[in-house]
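For reference, the chains in residue letters:
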Number of protein chains: 2
Amino acid sequence: MRIPKAIQRVIDNFEQLPGIGPKSAQRLTFHLLRFPQEYLDEFATNLSELKKSTVICTICFNIGETDVCAICSDIQRENQIICVVEDVLDVIAMERSGRFKGKYHVLHGIIDPLNAIGPDDIYIPQLLKRIKDNSERIQEIIIATNPTMEGEATAMYIVKQVKNISEKIKISRIGSGLPIGADIEYADEITLQRAMESRREY
Amino acid sequence: MRIPKAIQRVIDNFEQLPGIGPKSAQRLTFHLLRFPQEYLDEFATNLSELKKSTVICTICFNIGETDVCAICSDIQRENQIICVVEDVLDVIAMERSGRFKGKYHVLHGIIDPLNAIGPDDIYIPQLLKRIKDNSERIQEIIIATNPTMEGEATAMYIVKQVKNISEKIKISRIGSGLPIGADIEYADEITLQRAMESRREY
């Protein structure tokens with residue numbers, strides 16, 4: 001049986017998305033056939049509008065509805081601390097935790113030589129310029145890239161570059177260790193090493 | 001941080017799909033922001049066209065580009081055997097196996113009293129009418145609903161109804177047992193019971 005073209009096209013679209021294989025793409029598409037046409041039209045409009053109605057903030061490169069974004073223009077937030085993250089989703093996760101009251105800088109990626117992504121392919125030059133332009137005001141850079149090999153390498157690169165700009169700026173890395181609710185028994189060695197290294201005194 | 005409305009709308013659309021939770025919906029949507037606008041527009045058009053360009057076959061209720069569908073109108077296929085399946089995806093899976101050369105009947109669901117789905121809510125009346133109208137020609141009904149509780153109950157219901165129409169029609173159920181490549185050690189008891197019951201002589 002040849003799958004009808006109209007169905008195959010939507011399957012192909014879904015397959016382009018991360019984590020959706022051929023089987024899931026099929027299942028999702030055939031499920032959509034059960035929705036009313038209005039839902040499909042609305043979904044279609046929303047997809048078309050997705051990029052048109054959002055902009056990248058020219059200060060922090062977060063995605064928002066306005067340039068400058070809501071966080072950068074918030075006068076309640078501390079201007080002297082910048083938290084550097086890989087991705088917009090990381091900003092959302094951080095904001096959900098509600099702990100951080102400074103500004104962000106979104107790299108939109110990570111230094112990854114194996115995939116030929118260097119420092120200039122992500123928003124590192126813009127970060128360094130931002131720090132340079134505001135070196136009197138900025139007190140701390142918190143590097144919150146993921147604790148992966150690429151995340152650590154990117155962090156190290158940024159540390160070196162920021163030190164070149166000013167020795168006065170404090171640079172920190174978010175804490176590594178056991179996540180809350182985890183079981184030491186099942187933790188991997190590197191996480192345990194990190195957890196020991198970042199132990200805190202009572 | 002409030003997620004921009006345009007983004008939240010697409011997240012909400014994705015969340016309506018089966019197997020996609022809030023986190024995946026977010027991840028998919030933010031990934032879409034990296035695609036070019038043309039891709040989003042194409043995806044949008046394909047979604048809108050999905051239902052408009054497909055029809056349900058009035059004979060077998062398979063989804064296709066034409067009514068009658070390509071399988072029902074194929075004169076090479078045997079007209080005297082009907083394979084009853086739950087879903088259009090089951091037709092695709094069966095066709096991929098390439099073993100069955102008869103016709104299909106798609107129920108578009110399963111009898112499921114817990115969710116208030118009775119025989120008349122799926123395409124069982126249409127199946128029975130189809131058998132009644134062609135009782136001279138039809139030799140066998142293969143019931144290929146899933147080997148779940150609801151699938152078995154639906155199968156039993158169809159068996160009873162078909163027997164009421166004609167005692168001459170052979171009714172069979174697809175084989176149950178261990179899938180190829182499985183490990184007896186890890187098989188559940190019911191599957192093993194079924195595998196023993198449907199053992200075949202050499």
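The structure we're discussing is the one just above.
J.: Please give an account of the overall build of chain A that cites residues and values.
T.: Looking only at helices and strands, one finds seven helices and six strands in chain A. In sequence order, chain A lays out its α and β elements as α-α-α-β-β-β-α-β-α-β-α-β-α. For a compact globule of 202 residues, the expected C-alpha radius of gyration is about 17 Å, and chain A comes in at 21 Å, more than 25% above that figure. Dimensions of chain A along its principal axes, counting C-alpha atoms only, are 65 × 45 × 35 Å. As displayed, chain A has an accessible area near 11,600 Å², and 53% of this comes from carbon and sulfur atoms. Of note, chain A has its 25 positive side-chain charges centred 2 Å away from the centre of its 29 negative side-chain charges.

J.: Now, about the sheet that holds strand 4 (residues 103–106) of chain A: what can you tell me, with residues and values included?
T.: Residues and elements named next belong to chain A. If you trace the four strands from one edge of the open sheet to the other, you get 4-3-5-6, paired in parallel fashion. The outermost strands of the open sheet, each flanked by one partner alone, are strand 4 and strand 6 (170–173). Each strand axis lies, on average, 25 degrees off the axis of its neighbour in the sheet, ignoring direction. One ladder, built from four bridges, connects strand 5 (residues 140–143) with strand 6; its direction is parallel. What sits directly across from Glu-140, in strand 6, is Lys-170. Each of strand 3 (81–85) and strand 4 touches helix 4 (residues 88–97); the most contacted strand, strand 4, lies at about 155 degrees to it. Seen against the sheet, helix 6 (residues 149–165) touches strand 3, strand 5 and strand 6 and runs at an angle of roughly 175 degrees to strand 6.

J.: Explain the relation of the copies chain B and chain A to me, using residue names and the numbers behind them.
T.: Screw-axis analysis of chain B against chain A gives a translation of 0.0 Å along the axis, an RMSD of 0.1 Å, and a rotation angle of 180 degrees. Given the turn and translation reported, the copies of this chain are related as if by a two-fold rotation axis. In terms of proximity to the rotation axis, the leading residue of chain B is Ala-44 of chain B, whose C-alpha is 2.0 Å off the axis. When the interface residues of chain B are mapped onto chain A, 100% of them again fall at the interface, so both copies present the same face.

J.: Go over the interface of chain B and chain A, please, and point to the residues and values.
T.: On the chain A side, the residues contacting the 55 residues of chain B number 55 residues. Carbon and sulfur atoms supply 67% of the area that chain B and chain A bury against each other, a total of about 5,300 Å² over both sides. Glu-65 of chain A is the partner of Lys-5 of chain B in a salt bridge, and the nearest nitrogen-oxygen pair spans 3.8 Å. Listed by contribution, the elements that provide at least two residues to the side of chain B that touches chain A are helix 1 (5–15), helix 2 (22–32), helix 3 (37–52), strand 2 (63–64) and helix 4 (88–97) of chain B. It is helix 3 of chain B that provides the largest number of residues to the side of chain B that touches chain A, a total of 14 residues. Looking at the side of chain B that touches chain A residue by residue, the classes come out as 28 nonpolar, twelve polar and 15 charged.

J.: Go over the packing of helix 1 of chain B against helix 2 of chain B with me, naming the residues and quoting the values.
T.: Residue and element names in this part refer to chain B. The geometry of helix 1 relative to helix 2 is characterised by a closest axis approach of 8 Å and an angle of 130 degrees between their N-to-C directions. Between helix 1 and helix 2, the crossing angle belongs to the class labelled oblique. Seen along the crossing, helix 1 lies across helix 2 with a hand that is right-handed. Between helix 1, through Ile-7, Val-10, Ile-11, Phe-14 and Glu-15, and helix 2, the contact on the second element is made entirely by Pro-22, Ala-25, Gln-26, Leu-28, Thr-29, Phe-30 and Leu-32.

J.: Hey, could you go over the packing of helix 5 (residues 124–133) of chain B against helix 6 (residues 149–165) of chain B for me, with residue numbers and the actual values?
T.: Residues and elements named next belong to chain B. Put simply, helix 5 and helix 6 touch, their axes get as near as 10 Å, and they point 30 degrees apart. Compared by their axis directions, helix 5 and helix 6 come out roughly parallel. With respect to the hand of their crossing, helix 5 and helix 6 are arranged in right-handed fashion. Where helix 5 approaches helix 6, its residues Ile-124, Leu-127, Leu-128, Ile-131 and Lys-132 are matched on the opposing element by Thr-154, Tyr-157, Ile-158, Gln-161, Val-162 and Ile-165. Its residues assigned to classes, the contact of helix 5 with helix 6 shows eight nonpolar, two polar and one charged.

J.: An account of the nonpolar core is needed here, citing residue identities and associated values.
T.: Residues Phe-14, Leu-17 and Leu-32 of chain A together with Phe-14, Leu-17 and Leu-32 of chain B are the most contacted members of the largest nonpolar core, which totals 73 residues. When residues no more than four places from it in sequence are discounted, the contact partners of Leu-17 of chain B are Phe-14, Leu-28, Leu-32, Phe-35 and Phe-43 of chain A.

J.: I'd like to hear about helix 3 (residues 37–52) of chain A, residue by residue, with values.
T.: Over its 16 residues, helix 3 of chain A extends 23 Å from the first C-alpha to the last, a length consistent with the 22 Å expected when each residue adds 1.5 Å. Along helix 3 of chain A, the residues that are buried comprise Gln-37, Tyr-39, Leu-40, Phe-43, Ala-44, Asn-46, Leu-47, Ser-48 and Leu-50 of chain A. Each element contacted by the buried residues of helix 3 of chain A is listed here: helix 2 (22–32) of chain A together with helix 1, helix 2 and helix 3 of chain B.

J.: Pulling in residues and values, what's your account of the packing of aromatic side chains?
T.: Given two aromatic rings, their pairing is described by the distance between the two centres and the angle made by the two planes. Within the structure shown, the criterion is met by ten aromatic pairs over all chains. Relative to Phe-14 of chain B, the ring of Phe-43 of chain A has its centre 5.3 Å away and its plane inclined at 85 degrees; by these criteria the two rings are edge-to-face. With one member in each of two chains, Phe-43 of chain A in helix 3 and Phe-14 of chain B in helix 1 form a pair that bridges those chains. Of the residues examined, Phe-43 of chain A reaches a relative accessible area of 0% and is grouped as buried. A ring pair is formed by Phe-100 of chain B and Tyr-104 of chain B, whose centres lie 5.2 Å apart and whose planes are at 65 degrees; its orientation type is edge-to-face. Phe-100 of chain B sits in the buried class, given a relative accessible area of 12%. Here the aromatic cluster, defined as three or more aromatic residues joined through ring pairs, consists of Phe-14 of chain A together with Phe-35, Tyr-39 and Phe-43 of chain B.

J.: Any details on the layout of surface pockets? Residues and values, ideally.
T.: What the largest pocket holds in volume is close to 510 Å³. Around the largest pocket, the lining comprises 21 residues; the ones closest to its centre are Phe-30, His-31 and Arg-34 of chain A together with Asp-87 and His-108 of chain B. Residue assignment for the lining of the largest pocket shows that the elements contributing at least two residues are helix 2 of chain A together with strand 1 (55–56) and helix 4 of chain B. Along the lines of polarity and charge, the residues of the lining of the largest pocket split into ten nonpolar, five polar and six charged.

Analysis parameters
In this convention, every chain numbers its residues from 1, walking through the sequence in written order. The lettering of chains begins at A and the numbering of ligands begins at 1, in the order of writing. With the structure being a predicted model, the display of local features is reserved for residues of pLDDT at least 70 and the display and counting of side-chain atom pairs for 80 or more, all residues being used for whole-chain, interface and lining totals. As a convention, hydrogens and water are excluded, and side-chain values are obtained from all of the structure's heavy atoms. The secondary structure listing takes helices from DSSP runs of H or I that are at least 4 residues long and strands from runs of E that are at least 2 residues long, numbered from the N terminus. To get the radius of gyration, use the C-alpha atoms; to get the globule rule, take the number of residues to the power 0.38 and multiply by 2.2 Å. Computed with a 1.4 Å probe, the accessible areas rest on the Shrake-Rupley method; for each residue, only the protein chains presented here act as cover. When charges are counted, neither His nor the chain ends are considered; positive counts come from Lys and Arg and negative counts from Asp and Glu. Each charge is placed at NZ for Lys, CZ for Arg, CG for Asp and CD for Glu. Here, a strand pair is defined by DSSP locating no fewer than two bridges between the strands. For helices, the fitted line uses only the C-alpha atoms of the stretch in contact; every axis is such a line through C-alpha atoms, and the angle between N-to-C directions lies from 0 to 180 degrees. Two residues form a contact once any of their heavy atoms are found within 4.5 Å. When the copies are overlaid, the least-squares fit takes in C-alpha atoms only where the residue has pLDDT of at least 70 in both copies. As a working definition, buried area equals the accessible area (1.4 Å probe) given up by two parts on being put together, with both sides summed. Any Lys or Arg side-chain nitrogen located within 4 Å of an Asp or Glu carboxyl oxygen qualifies as a salt bridge. Three classes are used, and their members are as follows: Ala, Val, Leu, Ile, Met, Phe, Trp, Tyr, Cys and Pro are nonpolar, Asp, Glu, Lys and Arg are charged, and the others, Gly among them, are polar. The labels follow the angle: roughly parallel below 35 degrees, roughly antiparallel above 145, roughly perpendicular from 65 to 115, and oblique for the rest. Two helices cross in a left-handed way if the nearer one is turned anticlockwise from the farther one by less than a right angle. They cross in a right-handed way if the turn is clockwise. Only buried residues count toward a nonpolar core, which is a set of Ala, Val, Leu, Ile, Met, Phe, Trp, Tyr and Cys residues joined through side-chain atoms within 4.5 Å. Exposure categories follow from relative accessible area, calculated using a 1.4 Å probe and restricted to protein chains: below 20% of the type maximum is buried, above 50% is exposed, and the middle band is partly exposed. Between the first and last residue of a helix there are one fewer steps than residues, each counted as 1.5 Å, and that sum is the expected span. When two rings of Phe, Tyr or Trp (its six-membered ring) have centres within 6.5 Å they constitute a pair, described as stacked for plane angles under 30 degrees, edge-to-face for angles over 60, and tilted for the intermediate range. The way it works is a 1 Å grid over only the protein atoms, where trapped points that fit a 1.4 Å probe form a cavity and open points with protein on both sides within 12 Å along at least five of seven lines form a pocket, and then any residue with an atom within 4 Å of a point lines it. Grid points are joined across faces, edges and corners, and a volume is the space filled by probe spheres set on the points.

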